[in-house]
Amino acid sequence: MTDLQFIITEDGSHTLFRADLDETYHSKHGALQESQHVFINNGLRYWMETRNKEQVTIFEVGFGTGLNAWLTHQLATEQKLQVRYFSVEAFPLQPEVWKELNYAPDDRTFKAIHEASWNVSVPVSEYFTLHKLEGKLEDVSLPELTDIVYFDAFAPAKQPELWTYSVLEKACVALDTNGVFVTYCAKGQLKRDLRSLGLRVETLPGPPGKKEMVRAIRL
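The shown structure was predicted, so the numbers you read here are calculated from the model rather than taken from an experiment.

K.L.:
Explain the overall build of the chain here, please?
P.N.:
Looking only at helices and strands, the chain features six helices and 11 strands. Computed over its C-alpha atoms, the radius of gyration of the chain comes to 16 Å, within 12% of the 17 Å expected for a compact globule of 219 residues. On the principal axes, the C-alpha backbone points of the chain span a range of 45 × 40 × 30 Å. Looking at the chain residue by residue over its 219 residues, the buried ones come to 54%. Put simply, the chain shows about 10100 Å² of open surface, and 46% of that area lies on carbon and sulfur atoms.

Written out as structure tokens, the structure is:
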């Protein structure tokens, strides 16, 4: 992995800066706020409010700092929701990096999420089973009948290969009927591609510092 720099975002939480991409892992306007708004509130909470199920399968594109996984675990524990959480990451963070992130100092679950073995299912807690996939999205198999896709890749301008029609199709095909695709990105091409793939696209207010985000439902 290339050198990373720690940045304190506007809500006080960390993000990381990748010099080779000239890009941060999260919004500089607030890493924690962004994840909570996009993936938890408009992804998982929305799914819970509109689906009468006690178990959810989530696939995340971009494990990164583990922030989305940790926030999902928190809500799952609070709501007693069984979560099967799959996440793909081509460049896992080393311990000397993730141990310095300030999302959850001394939190056992955050530590367990990062220390979980790759490419196997690991029961992190009573309500949360984690399966981290090391590799590129293009090369891994997605779980069938996924309920929610957290699409948290780097921005299209930085990693265009992850926003192609064929890659989006792979993620969307894995979704169950009425499954939810959610991302911070609101590019017009993304919305056109999602509609072409048979999803109903919603443009929603974005997190602090970003006007819009996208949620799409597989019909």
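K.L.:
Can you help me understand the layout of surface pockets in this one?
P.N.:
Summary: where empty space remains is shown by rolling a probe the size of a single water molecule over the atoms. Estimates place the volume of the largest pocket at around 750 Å³. Around the largest pocket, the lining is made up of 40 residues, and of these Asp152, Ala153, Phe154, Ala155 and Tyr184 lie nearest the centre. Of all the elements in the fold, those that place two or more residues in the lining of the largest pocket are β3 (23–24), β4 (55–61), α2 (67–79) and β5 (82–89). Across the lining of the largest pocket, the residue classes break down as 17 nonpolar, 11 polar and 12 charged.

K.L.:
It is not clear to me how the sheet that holds strand β1 (residues 4–8) should be interpreted in this structure. Could you clarify?
P.N.:
Two pairing modes exist for strands in a sheet, parallel and antiparallel, and in both the strands are linked by backbone hydrogen bonds. With antiparallel pairing, the three strands of this open sheet are ordered in space as β1-β2-β3. The open sheet terminates on both sides in strands that have one partner only, identified here as β1 and β3. Judged from the five bridges that link them, β1 and strand β2 (residues 14–18) form a sheet pairing that is antiparallel. In the strand pairing of β2, Leu4 is matched with Arg18.

Procedures and definitions
Residue positions are given per chain, counted from 1 along the sequence in the order it is written. Where local features are concerned, this predicted model is filtered to residues with pLDDT of at least 70; where side-chain atom pairs are given and counted, the filter is 80 or more; whole-chain, interface and lining totals use all residues. The basis for every side-chain value is the complete set of heavy atoms in the structure, and neither hydrogens nor water enter the calculation. By definition, any uninterrupted DSSP run of H or I lasting at least four residues is a helix, any uninterrupted run of E lasting at least two residues is a strand, and each is numbered from the N terminus. The quantity called the radius of gyration is restricted to C-alpha atoms. Its globule counterpart is 2.2 Å times the number of residues to the power 0.38. Only protein chains enter the accessibility calculation, which uses a 1.4 Å probe. A residue is then buried if its area is under 20% of the maximum for its type, exposed if over 50%, and partly exposed in between. Here the accessible surface of atoms and residues is derived via Shrake-Rupley with a 1.4 Å probe, and residues count as covered only by protein chains that are part of the display. The definitions used throughout rest on a 1 Å grid laid over the protein atoms alone, on which a cavity is an enclosed set of points accommodating a 1.4 Å probe that cannot get out and a pocket is an open set flanked by protein within 12 Å on both sides along at least five of seven lines; lining residues are those having an atom within 4 Å of a point. Grid points are joined across faces, edges and corners, and a volume is the space filled by probe spheres set on the points. The nonpolar class holds Ala, Val, Leu, Ile, Met, Phe, Trp, Tyr, Cys and Pro. Asp, Glu, Lys and Arg form the charged class, and all remaining residues, Gly among them, are polar. Strands qualify as paired when DSSP identifies two bridges or more between them.

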